[in-house]
Amino acid sequence: MKMQPLLRIGLAALALGLGHAGAAQGYPDKPIQLIVPYAVGGTTDLLGRIVANALGANLKQPIVVENRPGAGGIVGSAYAAKQKADGYTLVMDVESSHAVNPNVRQKVPYDPVKDFAGISNIAIVPNVLVVNPKLPVDSVKAFAELLKARPGGYTYGSSGVGGLSNMNGELFASVTQTRLLHVPYKGLGPALTDLVSGQIQAVFDNVPSSASLIAAGRVKPLAVAAPKRLALLPDVPTYAEAGLPQMNNPSWFGIAAPAGTPNEVLDTLNTALKQVLADPQVAASIEKLGAIPDYMPRSAFDKLVVDENRRWQGIVKEIGFEKLP
């Protein structure tokens, strides 16, 4: 007897649903790969490894971190977007690669919203404006006045043209109506080295990479982008306190999977991340970097990525940044 078309469709749909359910029920049953689209030792890598170790223990499967740096996070993110959507390839979904890059370049080989399924944010990382300690300023206001006295006479270093540190520098110049000379480097490490030696005067960094230099008095912090003052830097005002609320946006660092990954798998990962980020030892490891643990439901993280792309689209337009190829 021939099977009716509608029955065939119904049975196929049921089989597909059972297949996804079965995959989720047994997930994970082999090691998971976490793509970090930046070099070893940076903030994204350090956060990724902390969470990978704890998440692997929670899921009872190893999570192997693979660094695929290049083009400001584009190389690794593009690679992750093209992987099988089965939950066995994850990627660090961070502000610089998934909100800044798509808006400062004419084209990137992935869509930060459509090509990824968000799992959760991991942490927010306060940004910090650091200057050479010999610079005769102790506040953002004094720094802006110094810049206005000599337009283009002072320099700031960044991790490269179009990177987050570059864009924060240009945003600062825009909102303070000042002019700084931009000096791009191949990473923030070399920029900070030249800041300490006095070759440049400022860097728009994040707290984890500047913390040890601040503690040693080798650079001077003027403001942090954070919801409130940091326990690590209690005497340093937030940008909002310093009169620049437009700058008071800490960076975010999350985890995503390729679009099309089954919801059941994404829910499993989100639940595990919630448990991991609530662990006092994991939280302490994240906070030791100068970051703040920040779990989110999946829908909230997806909304964050959408909202941040809109925000950066507006910033790029506001400062008149000429998009890169």
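Each chain carries its own residue numbering, running from 1 in the direction its sequence is written. The predicted origin of the model limits local features to residues at a pLDDT of at least 70 and limits the giving and counting of side-chain atom pairs to 80 or more, whereas totals for whole chains, interfaces and linings rest on all residues. In computing side-chain values, all of the structure's heavy atoms are included and hydrogens and water are not.

Glancing now at the sheet that holds strand β4 (residues 116-125). Pairing within the open sheet is mixed, and its six strands lie in the order β2-β1-β3-β10-β4-β11. Looking at strand neighbours, the two that pair on one side only are β2 (63-67) and β11 (292-293), the edges of this open sheet. Two strands form a pair only when DSSP identifies at least two bridges running between them. Helix and strand labels come from DSSP, where a helix needs a run of H or I of at least four residues and a strand needs a run of E of at least two; each type is numbered from the N terminus. Of the strand pairs in this sheet, strand β1 (residues 32-36) and β2 are connected by five bridges, and their pairing is parallel. Within β2, the residue paired with I35 across the bridge is E66. By definition, residues are in contact when any of their heavy atoms lie within 4.5 Å. Here the axes come from fitting lines to C-alpha atoms, over the contacting stretch only for helices, and the angles between their N-to-C directions go from 0 to 180 degrees. Strand contacts of helix α2 (residues 43-59): β1, β2, β3 (89-94), β4 and β10 (251-258), with the helix running at about 160 degrees to β2, the strand carrying the most contacts.

This part covers the packing of helix α6 (residues 164-176) against helix α11 (residues 298-319). In the contact formed by α6 and α11, the axes pass within 10 Å of each other and the chain directions differ by 55 degrees. One way to sum up the angle between α6 and α11 is to call them oblique. Between α6 and α11 lies a crossing of left-handed hand. Here α6 contributes L164, M167, N168, E170, L171, S174 and V175 to the contact with α11, which in turn contributes W312, I315, V316, E318 and I319. Any residue outside Ala, Val, Leu, Ile, Met, Phe, Trp, Tyr, Cys, Pro, Asp, Glu, Lys and Arg is labelled polar, Gly included; the first ten of those are nonpolar and the last four are charged. For the contact of α6 with α11, the class distribution of residues is eight nonpolar, two polar and two charged. An angle counts as roughly parallel when it lies under 35 degrees, as roughly antiparallel when it exceeds 145, as roughly perpendicular when it falls between 65 and 115, and as oblique in every other case. Rotating anticlockwise by less than a right angle from the far helix to the near helix defines a left-handed crossing, while the corresponding clockwise rotation defines a right-handed one.

Next up on the list: the packing of aromatic side chains. Think of it this way: a Phe, Tyr or Trp ring, Trp meaning its six-membered ring, pairs with another when their centres are within 6.5 Å, and the plane angle makes it stacked under 30 degrees, edge-to-face over 60, tilted otherwise. Taken as a whole and judged by the stated rule, the model has six aromatic pairs. Seen in terms of ring centroids, Y156 and F204 are 5.6 Å apart; in terms of plane orientation they differ by 85 degrees. Their pairing is edge-to-face. On the criterion of sequence distance, the pair formed by Y156 in strand β6 (residues 155-158) and F204 in strand β8 (residues 202-206) is long-range, its members being 48 residues apart. You'll find Y156 and F204 in the same group, each marked buried. Centroid distance W252 to F301: 6.1 Å. Interplanar angle 80 degrees. Geometry classified as edge-to-face. Here the residue W252 occupies a position in strand β10, and F301 occupies one in helix α11, the gap between them amounting to 49 residues. Residues W252 and F301 agree in their burial class; the two are buried. An aromatic cluster is built from F143, Y156, F172 and F204, whose rings are joined through pairwise contacts. Whether a charge sits over a ring depends on NZ of Lys or CZ of Arg being within 6 Å of the ring centre and within 35 degrees of the ring normal. Over the ring of Y88 we find K30; its NZ or CZ atom is 4.6 Å from the centre of that ring. Geometry around Y154 places R150 over its ring, the cationic atom sitting 4.8 Å from the centre. Working definition: with a 1.4 Å probe on protein chains only, accessible area under 20% of the residue-type maximum means buried, over 50% means exposed, and in between means partly exposed.

Bringing the environment of V316 into the picture now. With respect to the helices and strands, the residue V316 is situated in helix α11. Among the residues examined, V316 registers a relative accessible area of 5% and is labelled buried. Along the sequence, V316 and N103 sit 213 residues apart, while their C-alpha atoms lie 7.1 Å from each other. Excluding residues within four positions of it along the chain, V316 makes contact with N103, V104, M167, F321 and K323.

Next up on the list: unusual backbone geometry. A negative phi angle characterises most non-glycine residues, just as the trans form characterises most peptide bonds. Omega for the bond connecting Y27 with P28 falls within 30 degrees of zero, at -5 degrees, which places this linkage in the cis form. Here P28 shows up in the loop between α1 (5-25) and β1. A positive phi angle, near 60 degrees, is found at K60, a position not held by glycine. Overall, K60 belongs to the exposed group, its relative accessible area being 70%. Backbone geometry places A71, a non-glycine residue, at a positive phi of 55 degrees. With respect to the secondary-structure elements, A71 resides in the loop between β2 and α3 (74-81).

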